[in-house]
Amino acid sequence: MPQTTNLRLLLSSAKHRYRHPLSAAASFHLPQNLSFSASFPFSLKTHLRNRKSPPLFATFSSYSKKQHSSKNENRNSRPFSRNKSSLRETVKKMDSGSEKGGVLAMEERERSAGFNKKRAEGRDESDRPKKLQLKVRTLNPANTIAYVQILGTGMDTQDTSPAVLLFFDKQRFIFNAGEGLQRFCTEHKIKLSKIDHIFLSRVCSETTGGLPGLLLTLAGMGDEGMSVNMWGPSDLKYLLDAMKSFIPNAAMVHTRSFGPSPGSPSMVLQSLDNPFVLIDDEVVKISAILLRPNKEVSQGENSHKPSSPEPTTNATKPGDLSVIYICELPEIKGKIDPKKAAALGLRPGPNYRELQLGNPVKSDSLDIMVHPSDVMGPSVPGPIVLLVDCPTLSHFRDLLTIQCLAPYYVDTANEVNEGSKIVNCVVHLTPLSVTRTDDYRTWMLKFGAAEHIMAGHQMKNIQLPILKASARLTARLNYLSPQFFPSPGFWTLPNMGLPSEVQASHEDLLLENHQISAENLLKFHLRPYANLGLDRSSIPNLSSHSEIIQELLTEIPEARDASENAARLLSDCASMTEEPWLLEDAVPSCLEDITREDMEIVLLGTGSSQPSKYRNVSSIFINLFSKGSILLDCGEGSLGQLKRRFGVQGADEAIRGLKCIWISHIHADHHTGLARILALRRDLLKGSPHEPALVVGPRQLKRFLDAYQRLEDLDMQFLDCYHTTEAGLEAFDLKEGNPTNHTSMNVDSSLFARGSPMRSYLTKPPSPAAQNLKSLKKVLREAGLEALVSFPVIHCLQAYGVVLQAASRINSVGKTIPGWKVVYSGDTRPCPELVRAAHGATVLIHEATFEDAMVDEAVARNHSTTMEAVEMGDSAGAYRIILTHFSQRYPKIPVFDETHMHKTCIAFDMMSVNLADVHALPRVLPYLKVLFKDEIIVDESEDV
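The rules behind the values
Residues numbered from 1 in each chain as written. Predicted model: local features only at pLDDT ≥ 70, side-chain atom pairs only at ≥ 80, totals over all residues. Heavy atoms only, no water. Helix = DSSP H or I, 4+ residues; strand = E, 2+ residues; numbered from the N terminus. Buried < 20%, exposed > 50% of the residue type's maximum accessible area, 1.4 Å probe, protein only. Contact = heavy atoms within 4.5 Å. Areas by Shrake-Rupley, 256 points an atom, 1.4 Å probe, with all protein chains shown as cover. Pairing = 2+ DSSP bridges. Axes fitted to C-alpha atoms, helices over the stretch in contact; angles between N-to-C directions. Salt bridge = Lys/Arg side-chain N within 4 Å of Asp/Glu carboxyl O. Core = buried A, V, L, I, M, F, W, Y, C linked by side-chain atoms within 4.5 Å. Parallel < 35°, antiparallel > 145°, perpendicular 65-115°, else oblique. Left-handed = near helix turned anticlockwise from the far one by under 90°. Polar contact = N/O pair within 3.5 Å; in protein donor to acceptor, adjacent residues only side chain to side chain. Phe/Tyr/Trp six-rings, centres within 6.5 Å; stacked < 30°, edge-to-face > 60°. Lys NZ or Arg CZ within 6 Å of the ring centre and 35° of its normal. pLDDT = per-residue confidence, 0-100. Right-handed = clockwise from strand over helix to strand, strands pointing away.

## Quick notes on the overall build of the protein chain
- From N to C terminus, the protein chain includes 31 helices and 32 strands.
- For the protein chain, the residues scored as buried account for 60% of the 944 residues in total.
- Taking all contacts inside the protein chain whose residues are at least 6 apart in sequence as the whole, residues at least 24 apart take part in 71%.
- Summed over all atoms, the accessible surface of the protein chain reaches about 37,000 Å², with 51% contributed by carbon and sulfur.

Okay, structure coming up:
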């Protein structure tokens, strides 16, 4: 269905030279005969350089080139002109019902609004797929160094499957890519650009949540980009089909799946006689064995000796396949004994080389043939590592029937049978519910003296956060302002919110029989052979909360005073009404008699593009307490952030109460955490009556979710953002015969009058959309909300912002109190649509990707600068502004002009803003800055 454009060009009459959009995507359409250079008295680039005329969005920016020239000057002393009246006049013209006024308003906006039109329409050259070439590295058969290493075990959050790194001198292999892998590797300086192959043990959100972001990061590296080989069972096809909706095909060209085709008759359960050999070169041989759930219900799945069931005829569903990977290094040849060689008439030279290659040679001085065994010591078998992912007891029943594992077993006396292969290490990705059974432990004994690394969410060292640097920063912020930065709760086991039976079993996990609980960065050395075995030297040390605070006070003594002042500021609410900064910005009536159980904004991710050491990507949790919760965007790692904020059990409760997930646009940093959260919600609510999760997003997202649900049921229903715009809602209300009342954005009702050009583009929503709109209204009513309204913004195809309007309430004396209003910009350039939507907002959450000196970059990428975001809020009359979505070139704190922060605050990951504290939000920022007084801006993206 055609949509309104981001600049509402449909407001003009068809007889004018402005054309209506013909595509289904929300986009910008300038007149066909109009370009920036032809229409403007100067070119866009010249305009950006000179700054002598009003800048790109004249009503939002008014500093000159002289003010802009000095970066250091800019940061602290740049004048800030707030020309709000001109913007309001522009919006007023835009909202006027007259044809002339609408056209003039559009012309004014086209002259003043700076944005990348091609990017907004999806035609930007920089967004086009690159022809990614697979880099071929020179192999090193000697491999002086080789090891297996655990990356991100999920110890503190239990939200993702760990990755396993197989390291060689010239090659890197990674097994699984769950959410948070990039952040973990960035922190520990593990170069993902060196990865040659990625293997998946299962194809599901738990093991692949970090894959889209990783592929996009690799594709964006350098001028040419990079690509890797990606391996997985045949289910991989479903994941690739889903990701094509937002990842260029070129980023996934080197994908290889193995096993029977999805849905084919060969998917029937059966034993495989031989493993799939994936790689076999002079460095390593990697084979795969498929596991499929044996669906026979035998007598007690937890029986001590399960029977060996006969194969059934039930076909395996997509997503059921699991893989055991076998990594075999070549044997190490014995060394030539010089004395034996001399006795047989051999001299050092080419014959030595031939013997080392296993070939017989003729003696240099005797008329005999010399065989390698005559002069060489015994060869040492190459180390062997197994990675086992057996997700359920049904898969374990199939595992017991697999005959091709027999050569890797030893007998009960630990004697090696002829033809057997010695396994040195087994990494178990199998969950605790399976590994703790007697049957599984008995099966593990078949590998003799092999070391078993238990990586399936073991509880050892649960006090140690995966992302130590981020946890350290959060602890420091908590010390300065615990009201805005509640303790994340991973410093002590009870605060994790773990079930009591799990806590009780913590001490029971001191494993025996060569079983070791996985720890982050734990290594098992394979080469050199002398170092074969475990290496704990890289494991991060445990830091307690008290140690971090003591370090802070030693490093920044003034932090103690800052903490005390911030606490006094928040506790002395009564005296705040006399503060000058409040007199000019009166507390809105919606905050009258507000309680701490009304609403809380939790910033789960505040960075842009890709996860970094200190900032995760976009996600905002609107906590309505007993009435449920709403997610605004859901970037990779959102589930882990929820668990760090609320604890494991607390996050589970929050996800059970999740009413709606709203996604602003299709860029991966805003939605790739969605599948993981929906899958967990499905599991948590299984067996209990509930409604499917409601996901509101751009229509491209539906293509991804529909394709993904063939792999894994997400128990959700989808609603196109367009149907939640004012136009879509009005069309629905007209169809249902309901009176329209979408006044939160102050849109003149004449825009949709009968006979107007807009009317012809409004058709009644299809039946599924109408049904889902009814579900949305029910969800909002239960959450105490009056409306959720999306509005188009300037960023890319089908990019939106959103308004959340709370219902009015009656106070203790019978007075009607208006509801609060939260507006989230998504990603956008400054635009009148957002100003109108945010009119009178209690809180405006606005992206501020770039510092003020980088407005050229902001225009090119259709983002906003810090100053532009602040002026947007000022022009809209928003009570408080929270800036987020900062470029990862600002690792801890972005560049901003503090003189403009009278109603604004910088967001940090895990920041929690309760509505009862929102009035004090700007006053806390100076105290938080104490932590960053010596910070230097560093672009950390190169660490990935």
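## Focus on the sheet that holds strand β2 (residues 163-168)
- Pairing is mixed in the open sheet, where eight strands are placed in the order β6-β5-β4-β3-β2-β1-β16-β17. Looking at the sheet topology across the chains shown, the edges are occupied by β6 (255-258) and β17 (533-535). Ignoring which end each strand starts from, the neighbouring axes of this sheet average 25° apart.
- Alignment of strand β1 (residues 146-151) against β2, held across six bridges, turns out to be antiparallel. Each residue of the ladder has a partner; that of Q149, found in β2, is L165.
- Taken strand by strand, helix α11 (residues 236-243) contacts β5 (229-233) and β6, and its axis lies near 125° from that of β5.

## Remarks on the sheet that holds strand β32 (residues 911-914)
- Reading across the sheet, the seven strands line up as β23-β22-β21-β20-β19-β18-β32 and stay open at both edges, with mixed pairing between neighbours. One side of each edge strand has no neighbouring strand; the edge strands of this open sheet are β23 (716-720) and β32. Neighbour-to-neighbour, the strand axes of the sheet open up by a mean angle of 20°, direction not taken into account.
- Examined bridge by bridge, strand β22 (residues 693-697) and β23 share five bridges and lie parallel to one another. Residue pairing in the sheet places V695 in a bridge with F718 of β23.
- Lying on the sheet, helix α23 (residues 638-656) is in contact with β18 (600-605), β19 (619-623), β20 (629-634), β21 (658-662) and β32; it crosses β18 at an angle near 130°.
- Where helix α24 (residues 674-685) meets the sheet, its contacts fall on β20, β21, β22 and β23, and the angle it forms with β21 comes to roughly 165°.

## Here we look at the pattern of salt bridges
- By the definition in use, this model includes 23 salt bridges.
- Two residues, D917 and R596, come together in a salt bridge whose shortest N-O distance is 2.7 Å. Within this pair, whereas D917 is found in the loop between β32 and α31 (921-928), its partner R596 is found in the loop between α22 (580-583) and β18, the two being separated by 321 residues in sequence.
- Ionic pairing is found between R682 and E712, a salt bridge with its closest N-O pair at 3.4 Å. Of this pair, R682 sits in helix α24 while E712 is found in the loop between α25 (699-708) and β23, placing the two residues 30 residues apart along the sequence. Just as R682 is buried, E712 falls in that class too.
- Each of R472, R476, E551 and E555 takes part in salt bridges that share partners, so that together they form one network.

## What about the nonpolar core?
- Counting 108 residues, the largest nonpolar core has I601 and W820 as its most contacted members.
- The dominant element in this core, judged by the number of residues it contributes, is helix α27 (residues 767-782), at six residues.
- Setting aside its immediate chain neighbours within four residues, W820 contacts C590, M599, L624, L785, L804, Q805, A806, T842 and L915.
- One finds L214, F246, I666 and L711 within the second-largest nonpolar core, a separate group that totals 67 residues.

## Details of the packing of helix α18 (residues 468-480) against helix α20 (residues 545-555)
- Close contact between α18 and α20 brings their axes to 10 Å; oriented N to C, the two are set at 70°. When the interaxial angle is binned, α18 and α20 end up roughly perpendicular. Contacts between α18 and α20 involve R472, A475, R476, N478, Y479 and L480 on the former and, on the latter, H545, I548, I549, E551, L552, L553 and E555.

## Notes on the packing of α23 against α24
- Relative orientation of the contacting elements α23 and α24 amounts to 25°, with a least axis distance of 11 Å. Considering their axes alone, α23 and α24 lie roughly parallel with respect to each other. Along this stretch, α23 crosses α24, giving a crossing that reads as right-handed. Where α23 abuts α24, its residues S638, L639, L642, K643, D652, I655 and R656 lie against R676, I677, L680, R681, L684 and L685.

## Some details on the side chain of N520
- For N520, the location among the structural elements is in the loop between β15 (515-517) and β16 (523-527).
- Only 2.8 Å separates the side chain of N520 from the backbone nitrogen of G152, close enough to count as a polar contact.

## Looking at the pairing of strand β24 (residues 785-792)
- By the criterion of burial, β24 is predominantly enclosed, with seven of the eight residues buried.
- As paired strands, β24 and strand β25 (residues 800-806) are joined by seven bridges and run antiparallel to one another. Bridging from a neighbouring strand, P792 pairs with Y800 of β25.

## Structural notes on the environment of V587
- By the element assignment, V587 lies in the loop between α22 and β18.
- When its relative accessible area of 45% is taken as the criterion, V587 is described as partly exposed.
- Sequence separation between V587 and Y879 is 292 residues; the distance between their C-alpha atoms is 7.8 Å.

## So, α25
- Along α25, seven of the 10 residues are buried, which leaves the element largely enclosed by surrounding structure.
- Residues of α25 that are buried include every one of R699, Q700, L701, F704, L705, A707 and Y708, and no others.
- The elements touched by buried residues of α25 are α9 (205-208), α11, α24, β22 and β23.

## Examining the packing of aromatic side chains
- Within this structure, the stated rule accounts for 19 aromatic pairs.
- Between the aromatic rings of F173 and F199, the centroid separation amounts to 6.2 Å while the plane-to-plane angle is 35°, which identifies the pairing as tilted. Residue F173 is found in strand β3 (residues 172-175), and its partner F199 is found in strand β4 (residues 197-199); the two are separated by 26 residues along the sequence.
- On the accessibility criterion, F173 (0% relative accessible area) is buried.
- Looking at F199, the relative accessible area reads 0%, which means it is buried.
- For the pair F396 and Y440, a centre-to-centre distance of 5.5 Å together with 45° between the ring planes defines the contact as tilted. Of the two residues, F396 sits in helix α15 (residues 393-399) while Y440 sits in helix α17 (residues 438-444), which places them 44 residues apart along the sequence.
- The exposure class assigned to Y440 is buried, which follows from its relative accessible area of 0%.
- Chaining the aromatic ring pairs together yields one cluster made of F168, F173, F175, F199, W231, F258, F276 and Y325.
- Across the ring face of Y409, the terminal group of K446 is positioned such that the distance to the ring centre comes to 5.0 Å.
- The residue whose ring lies beneath R880 is Y879, and the NZ or CZ to ring-centre distance is 3.9 Å.

## Quick look at the confidence of the model for the protein chain
- Overall, the prediction assigns the protein chain a mean pLDDT of 77, with 71% of residues at 70 or greater.
- Every residue in residues 265-271 scores below 50 in pLDDT, and together they form 26 contacts with partners more than four places removed in sequence or on other chains.
- Per-residue pLDDT stays below 50 along residues 574-578; that stretch engages in eight contacts with residues further than four places along the chain or on separate chains.

## Brief notes about the pairing of strand β29 (residues 843-847)
- Along β29, five of the five residues are buried, which leaves the element largely enclosed by surrounding structure.
- In β29, alternate side chains face the same way, and those of V843, I845 and E847 on one face and L844 and H846 on the other are all buried.
- Note: strand β28 (residues 821-824) against β29, three bridges, orientation parallel. Directly across from V823, in β29, lies its bridge partner L844.
- As a crossover connection, the stretch from β28 through helix α28 (residues 832-837) into β29 is right-handed.

## Some points on the environment of E519
- With respect to the helices, strands and loops of the structure, E519 is situated in the loop between β15 and β16.
- E519 gets classed as buried once you look at its relative accessible area, which sits at 6%.

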